[in-house]
Amino acid sequence: MTRKRVAILISGRGSNMRALIEAARAPGYPAEIVLVISNVPDAAGLDDARAEGVAATVIDHRDFADRPSFENAIETQLRTAKIDLVCLAGFMRLLTAEFVGAWRDRILNIHPSLLPAFRGLDTHARALAAGVRFSGCTVHFVRAEMDAGPIIAQAVVPVRPDDDAARLAARVLSAEHQAYRTALALVASGRAQVEAERVIVADAVWPQSILLNPAE
Ligand code: GRF
């Protein structure tokens, strides 16, 4: 089995990054994490990546005159490392349509809501304000529009009556780690294909593409 070479782009804590690094250690996992890039120099995830033996580098967007030149620097790193797939994991920069187009169906993102509900920021506070009974997360292929693109995997968690945004965020985050591992495996193994802007999963059994988080 040829494992896909994956880069993870982060801006902060990097807990999803860690979940993917851990998943990729399992024998038979179809991807290897070979590079972490952060646009934030003191992102906590950088040290964690290095501690796990993964090359980690900073490309600070503030060092570049504009978005395309920032993305060119990223592109150079990705090419040098012969990257097949890019996982955005708490990466807080929008990517241009050109970059996204060049990597079409090869960039994954995780978002802490059940898309298409609650795109953008403050998802948990907005979910609570809306009174939804379930929330969760979505792993999707990236398109130029923010938090949009074919859905690869979703995980669902209950919203409890006494939740605040932090409690709900913690429950969703643990579901994120499961969903991202699953989604990357589906894509890296070639079992998830985009057809007419929907992801078709080959040999799909229900729990592979829709996860219910049993915790809590
Ligand atoms: C996650 O909630 C992710 O869904 C969102 O940003 C957060 C990043 O967390 N895009 P971490 O850095 O992976 O811990």
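Structure shown above.
Calculation criteria
Residues numbered from 1 in each chain as written. Predicted model: local features only at pLDDT ≥ 70, side-chain atom pairs only at ≥ 80, totals over all residues. Heavy atoms only, no water. Helix = DSSP H or I, 4+ residues; strand = E, 2+ residues; numbered from the N terminus. Rg over C-alpha atoms; globule rule 2.2 N^0.38 Å. Buried < 20%, exposed > 50% of the residue type's maximum accessible area, 1.4 Å probe, protein only. Contact = heavy atoms within 4.5 Å. Areas by Shrake-Rupley, 256 points an atom, 1.4 Å probe, with all protein chains shown as cover. Lys, Arg positive; Asp, Glu negative; His and termini not counted. Charge placed at Lys NZ, Arg CZ, Asp CG, Glu CD. Phe/Tyr/Trp six-rings, centres within 6.5 Å; stacked < 30°, edge-to-face > 60°. Lys NZ or Arg CZ within 6 Å of the ring centre and 35° of its normal. Near = heavy atom within 4 Å. Polar contact = N/O pair within 3.5 Å; in protein donor to acceptor, adjacent residues only side chain to side chain. Arc of directions from axis to C-beta. Pairing = 2+ DSSP bridges. Right-handed = clockwise from strand over helix to strand, strands pointing away. Axes fitted to C-alpha atoms, helices over the stretch in contact; angles between N-to-C directions. Parallel < 35°, antiparallel > 145°, perpendicular 65-115°, else oblique. Left-handed = near helix turned anticlockwise from the far one by under 90°. Nonpolar A, V, L, I, M, F, W, Y, C, P; charged D, E, K, R; others polar.

1. Some remarks on the overall build of the protein
Helix and strand counts for the protein come out as seven helices and ten strands. Against the compact-globule benchmark of 17 Å for 216 residues, the protein has a radius of gyration of 17 Å, which places it among compact chains. For the protein, the spread of C-alpha atoms along the three principal axes comes to 50 × 40 × 35 Å. Scored against the burial criterion, the 216 residues of the protein give a buried share of 50%. When contacts within the protein are restricted to residue pairs at least 6 apart in sequence, those whose partners lie at least 24 apart make up 63%. Summed over its atoms, the accessible surface of the protein is roughly 10,200 Å², and 53% of this surface lies on carbon and sulfur atoms. Computed over 24 positive and 25 negative side-chain charges, the inter-centroid distance for the protein is 3 Å.

2. A short note on the packing of aromatic side chains
By the definition in use, this model includes two aromatic pairs. Ring plane angle 55 degrees and centroid distance 6.0 Å describe the contact between Phe 64 and Phe 70, whose orientation is recorded as tilted. A relative accessible area of 27% means that Phe 64 is categorised as partly exposed. Given the relative accessible area of 3%, Phe 70 is considered buried. Each ring, one from Phe 99 and one from Trp 103, has its centre 6.4 Å from the other, and the planes form 25 degrees; the classification is stacked. In terms of burial, Phe 99 and Trp 103 fall into one category: buried. A cation sits over an aromatic face here: Arg 106 above Trp 103, 4.3 Å from the ring centre.

3. Observations regarding the site of the ligand
All residues in the neighbourhood of the ligand are listed as Arg 13, Gly 14, Ser 15, Asn 16, Gly 90, Ile 110, His 111, Pro 112 and Glu 176. Contact between the ligand and Ile 110: a nitrogen atom at 3.2 Å from a main-chain N or O atom of the residue. Notes on the ligand: free accessible area 370 Å², of which the protein chains cover 84%. Sorting the residues of the shell around the ligand by element identifies helix H1 (15–24) and strand S5 (107–111) as the ones contributing at least two each.

4. A few points about helix H5 (residues 123–130)
For H5, the set of buried residues is Thr 123, His 124 and Ala 127. Burial along H5 is one-sided: seen end-on, the buried residues are contained in an arc of 95 degrees. Where the residues of H5 are buried, they touch S5, strand S6 (134–141) and helix H6 (165–188). Looking at the residues trailing H5, positive phi occurs at Gly 131, about 75 degrees.

5. So, the pairing of S5
Counted residue by residue, S5 has five buried out of five residues, so it is predominantly covered. Here S5 shows a buried face lined by Ile 107, Asn 109 and His 111 and a second buried face lined by Leu 108 and Ile 110. Relative to S5, strand S4 (residues 85–88) runs parallel, the two sharing three bridges. Opposite Cys 87, over in S5, you have Leu 108 as the bridge partner. The handedness of the S4 to S5 crossover, carried by helix H4 (residues 97–102), is right-handed. Pairing geometry for S5 and S6, over four bridges, is antiparallel. From the neighbouring strand, Ile 110 faces S6, where its bridge partner is Val 139.

6. Observations concerning the packing of H1 against H6
Relative orientation of the contacting elements H1 and H6 amounts to 45 degrees, with a least axis distance of 9 Å. Between H1 and H6, the angle falls in the class oblique. Where H1 crosses over H6, the handedness of that crossing is right-handed. Contacts from Ser 15, Asn 16, Ala 19, Leu 20 and Ala 23 of H1 reach H6 at Leu 173, Glu 176, His 177, Tyr 180, Arg 181 and Leu 184. Residues belonging to the contact of H1 with H6 are distributed by class as follows: six nonpolar, three polar and two charged.

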